[in-house]
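Listed below, chain by chain, are the residues.
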Amino acid sequence: MFHPAPTSPPDLGVRRSRAITVGLDGSRESLASVAWAADEARRRGLALRLVHVWGLEPDVHSPLIGSRTRQEPYDVDPRSTAERIRRTHPGLDVVAQELCGEPATVLCGAAEESELLVLGSRGLSGVAGFVSGSVALSVVARTRHPVVLVPGRAPIPNGGIVLGLDLSHPCDEVLDHAFSRAHRLGVPLRVVHSPHTQRGLGSDAALTASAMAPGAADARTARDLTQVIEQWRHAYPGLRVTGEIRPGHPARRLVEASHTAGLLVMGRRNRQSRLGPHTGGVTRAVLHHCRTPVAVIPHD
C-alpha cells in the first residue's frame, strides 16, 4: 500500500504558474473537478497535479468527506486517476501525490505552488465532499490564490462566462480572470452587477428576476458599468461582452445568472476577523447554491 508523505509536498518539478492542482477525495464531485481541471490544463499548456490528503487523525481514511460518507468511504487512488487522465488527455503532464496533514492547510499550500486550485463542491445538495466538511470554505477563506469549485453535474457545452462585478470595488485580478478566460475559450462574457437591496436568499417577489437593461436602472450605475467594460474590452478584440444590472440580493442574482453559464467568476476580498480569515456572505451563499463551476479570485 502506498504511504502518503508525512511532511510538506516534495518538489516534483511542478512549479507555481505551470500547474493546475486538484484536491481529490474520490467523490463524484471530486472526479468531476479532475475532468474540468484536465481540460483546463490542456487548454493552457499546464501540468495537472492530483493531490489526495490523508488526515492526521488515527483510522481516518477519507478525511475530506462528511460523516455520512465516512460510513461508506470512497475508493481514492490518485495514481489510477492519473493514468485515466493520461489516456483521455494524451501528452498532458500529470502528477499524483498523497500527502498527510490538516486538509485545508495542505490544500492552501498546494494553491501557493499552483496557478489554480480546483476542488469538488456539492453545495447544499448533500453532505459529502469538500464543502460539507468546511474544507473548501476554509481553503477559499484562507488562500490568496484563485480557487475553482466544480459541482458534480456535467458542464454546459460552450457555456459562457458570468462575472459578478462589485462596482464599488472593481478589481483588476477578477476582471482579468473573467475576460482572459472568455477570450481564450471564444465564449461570450456577461458582466453582472447587482445593487444590494435586501438580505438573505428568501422570496423577493417584489423584485424582478429578469435582467434589467442599463438604461432602466440608475443612470450613474449604468454609466459606471459601461465604463468598466469599455476599459477592458479593447484588450480583448472580438470578445462579446454585455453588461447587466440585476437588482436584488447579489448571491441570488449571480446564481440565477449562472444557470446557463459554463463558469461563474467572482471576487473575494482578503479579510480578517478576530476569528481568523473568512468568506463574505455573498461568496458563501453562492458556493452553497450554485450548480455551475465557480472561480473565486481573492484580492485586497
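Everything numeric in this text was worked out from a predicted model, so none of it was measured.

Chemist: Lay out the packing of helix 9 (residues 250–257) against helix 10 (residues 281–289) in plain terms, naming residues and giving numbers.
Modeler: Two packed helices can be described by the angle between their axes and the distance between those axes. Their axes nearest at 9 Å, the elements helix 9 and helix 10 cross at an angle of 35°. The handedness of the crossing between helix 9 and helix 10 is right-handed. Residues Pro250, Ala251, Leu254 and Val255 of helix 9 form the contact with helix 10, whose own contacting residues are Val282, Ala285, Val286 and His289. Taken together, the residues of the contact of helix 9 with helix 10 break down into seven nonpolar, one polar and no charged.

Chemist: Could you give an account of the confidence of the model for the chain, with specific residues and numbers?
Modeler: Should the pLDDT be low somewhere, the predicted coordinates at that spot are not to be read in detail. In the predicted model, the chain carries a mean pLDDT of 79, and 74% of its residues have values of at least 70. Segment residues 1–16 is flagged for pLDDT under 50; beyond a separation of four residues in sequence, or across chains, it makes 31 contacts in the model. When the criterion is pLDDT under 50, residues 125–133 qualifies, and its contacts beyond four places in sequence or with other chains add up to 31 contacts.

Chemist: Before we move on, can you summarise the packing of aromatic side chains with the specific residues and values?
Modeler: Inspection of every chain in the model, using the stated rule, returns two aromatic pairs. On the numbers, 5.8 Å between centres and 35° between planes, the contact of Phe179 with Trp232 is tilted. Here Trp232 lies in helix 8 (residues 219–233) and Phe179 lies in helix 7 (residues 172–185), a separation of 53 residues in the sequence. With 5.9 Å between their ring centres and 40° between their planes, Phe179 and Tyr236 make a pair best called tilted. Here Phe179, found in helix 7, pairs with Tyr236, found in the loop between helix 8 and strand 8 (241–245); they are 57 residues apart in sequence, far enough to count as distant. Here Phe179 matches Tyr236 in class, with each residue buried. Members of the aromatic cluster, each reached through a chain of ring pairs, are Phe179, Trp232 and Tyr236.

Chemist: Tell me about the side chain of Glu40, and name the residues and values.
Modeler: Along the polypeptide, Glu40 turns up in helix 1 (residues 28–44). With near-sequence residues (within four places) excluded, Glu40 lies in contact with Ile20, Leu116, Arg181 and Arg184.

Chemist: Run through the packing of helix 1 against helix 7, naming residues and quoting values.
Modeler: Where helix 1 contacts helix 7, the axes come no closer than 12 Å and their chain directions differ by 80°. Taken as axis vectors, helix 1 and helix 7 run roughly perpendicular relative to one another. Here Trp36, Glu40, Arg43 and Arg44 of helix 1 lie close against helix 7, whose contacting residues are Arg181, Arg184 and Leu185. Split into classes, the residues belonging to the contact of helix 1 with helix 7 amount to two nonpolar, no polar and five charged.

Chemist: Any details on the pattern of salt bridges? Residues and values, ideally.
Modeler: For the structure shown, the criterion picks out 17 salt bridges. The partner of Glu40 in a salt bridge is Arg184, and the shortest N-O contact between them spans 3.2 Å. Of this pair, Glu40 sits in helix 1 while Arg184 sits in helix 7, and the two are 144 residues apart along the sequence. Residue Glu40 is classed as buried on the basis of its relative accessible area of 1%.

Chemist: How would you sum up helix 10? Please name residues and give values.
Modeler: Within helix 10, burial applies to Thr283, Ala285, Val286 and Leu287. At its buried positions, helix 10 is contacted by helix 6 (135–142), strand 5 (147–150), helix 9, strand 9 (261–269) and strand 12 (294–299).

Chemist: Can you explain helix 6? Please cite residues and give values.
Modeler: In terms of burial, helix 6 is a largely internal element, six of the eight residues being buried. Here helix 6 has its buried residues at Val135, Ala136, Leu137, Val139, Val140 and Ala141.

Chemist: Residue-level account of the sheet that holds strand 9, with values.
Modeler: In a beta sheet, neighbouring strands pair by backbone hydrogen bonds and run either parallel or antiparallel. The strand order across the open sheet formed by ten strands is 3-2-1-4-5-12-9-6-7-8, and the pairing between neighbours is mixed. On the outer flanks of this sheet lie strand 3 (94–100) and strand 8, each paired with one strand and no other. Across the sheet, the mean angle separating the axes of adjacent strands is 25° when strand polarity is ignored. Pairing geometry for strand 1 (residues 19–23) and strand 4 (residues 116–120), over three bridges, is parallel. The partner of Val22 across the bridge, within strand 4, is Val118. On top of the sheet, helix 1 reaches strand 1, strand 2 (47–54), strand 4, strand 5 and strand 9; it is set at about 155° to strand 4, its chief contact.

Chemist: Go over the environment of Val174 with me, naming the residues and quoting the values.
Modeler: Summarising the element assignment, Val174 is placed in helix 7. Between the C-alpha atom of Val174 and that of Gly164, which follows or precedes it by ten residues, the distance is 9.0 Å. In this view, Val174 contacts Leu163, Val265, Met266, Gly267, Ile297 and His299; residues no more than four positions away in its chain are not counted.

Thresholds applied
- Residues numbered from 1 in each chain as written.
- Predicted model: local features only at pLDDT ≥ 70, side-chain atom pairs only at ≥ 80, totals over all residues.
- Heavy atoms only, no water.
- Axes fitted to C-alpha atoms, helices over the stretch in contact; angles between N-to-C directions.
- Helix = DSSP H or I, 4+ residues; strand = E, 2+ residues; numbered from the N terminus.
- Left-handed = near helix turned anticlockwise from the far one by under 90°.
- Contact = heavy atoms within 4.5 Å.
- Nonpolar A, V, L, I, M, F, W, Y, C, P; charged D, E, K, R; others polar.
- pLDDT = per-residue confidence, 0-100.
- Phe/Tyr/Trp six-rings, centres within 6.5 Å; stacked < 30°, edge-to-face > 60°.
- Buried < 20%, exposed > 50% of the residue type's maximum accessible area, 1.4 Å probe, protein only.
- Parallel < 35°, antiparallel > 145°, perpendicular 65-115°, else oblique.
- Salt bridge = Lys/Arg side-chain N within 4 Å of Asp/Glu carboxyl O.
- Pairing = 2+ DSSP bridges.

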